[in-house]
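Residue-level structure breakdown
Read off the chains here:
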Amino acid sequence: MVAGGGAKSAAYVLLLVNLVIFFIVTVIAAWAMNHGIQRSRETASVLSIPLRIFPIYFPMGNMATGFFLIFSLIAGVIGIATSLTGLHNVFQWDGPSLHTAAASSLVSWFLTLLAMGLACKEIELGWTTGNLRTLETMTIIVSATQLFSICAIQAGVEVAIAEQRDRSDRTGARR
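Below is a summary of the structure that appears in this document. (Residues numbered from 1 in each chain as written. Predicted model: local features only at pLDDT ≥ 70, side-chain atom pairs only at ≥ 80, totals over all residues. Heavy atoms only, no water.)

Relative to the 40 Å expected for 28 residues at 1.5 Å per residue, helix α3 (residues 65-92) spans 40 Å between its end C-alpha atoms, a close match to the ideal helical length. Just downstream of α3 lies W93, where phi reads positive at about 50 degrees. (Helix = DSSP H or I, 4+ residues; strand = E, 2+ residues; numbered from the N terminus. Expected span 1.5 Å × (residues − 1).)

Here you go:
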């Protein structure tokens, strides 16, 4: 039972940390997206034809910024939803709920890894502002904490399954 309590506590803490970090990622990505949309008309008009027809142009950062912002925003929103439902599923603490939490956390982690890859590309290209550097850093951090969260939830799945087996063995022995 002690291991189950530790896994449950770790999952709660990591899901709460992820919720906060995903909220920060979403807010910064939404601000940058809004800023880029507002300023792109005036700055894109002076660009040459190939750059002007580039579908995702942002007046700040580099050529990877548009893709990075879009995927960061998607990963942030999905991460918030996953963290909230994961908290509910961990509160239930039974096999099916924990399997659901593990599966949704895995999908969220894959989206976060995609955004992290674009953050690494943007770091490689350079020329980013302080807000974008903050978003890059938070995206990299949340990809690591999401991995730890998946591990804690998976440990909880195994503990919950072991507890269910013990209960079924006890009820089978009574019959």
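Turning our eyes to something else, we now look at unusual backbone geometry. The phi dihedral of W93 falls on the positive side, at around 50 degrees, and the residue is not glycine. Given the relative accessible area of 14%, W93 is considered buried. (Buried < 20%, exposed > 50% of the residue type's maximum accessible area, 1.4 Å probe, protein only.)

Counting 17 residues, the largest nonpolar core has L69 and L135 as the members making the most contacts within it. Elements that contribute at least two residues to this core include exactly α1 (2-44), α3, α4 (95-125) and α5 (130-174). In terms of residues, this core owes the most to one element, α1, which gives 7 residues. Apart from residues lying up to four places away in sequence, L135 is in contact with V25, I28, A29, F68, L69 and S72. With 15 residues, the next largest nonpolar core counts L15, L98, A101 and A152 among its residues. (Core = buried A, V, L, I, M, F, W, Y, C linked by side-chain atoms within 4.5 Å. Contact = heavy atoms within 4.5 Å.)

What follows deals with the pattern of salt bridges. Pairs can form between side chains of opposite charge once their charged atoms are near each other. Considering all chains together, one arrives at 2 salt bridges under this definition. Here K121 makes a salt bridge to E124, at a shortest N to O gap of 3.8 Å. With K121 and E124 both in helix α4, this residue pair falls 3 residues apart, about one helical turn. With a closest N to O distance of 4.0 Å, R167 and E163 form a salt bridge. One end of the pair, R167, and the other, E163, are both in helix α5, 4 residues apart, so they sit about a helical turn from each other. By relative accessible area, R167 is classed as partly exposed at 47%. (Salt bridge = Lys/Arg side-chain N within 4 Å of Asp/Glu carboxyl O.)

The geometry of α3 relative to α4 is characterised by a closest axis approach of 8 Å and an angle of 160 degrees between their N-to-C directions. Comparing the axis directions of α3 and α4 gives the class roughly antiparallel. Seen from above, α3 lies across α4 with left-handed handedness. Considered class by class, the residues forming the contact of α3 with α4 number 14 nonpolar, 14 polar and 1 charged. (Axes fitted to C-alpha atoms, helices over the stretch in contact; angles between N-to-C directions. Parallel < 35°, antiparallel > 145°, perpendicular 65-115°, else oblique. Left-handed = near helix turned anticlockwise from the far one by under 90°. Nonpolar A, V, L, I, M, F, W, Y, C, P; charged D, E, K, R; others polar.)

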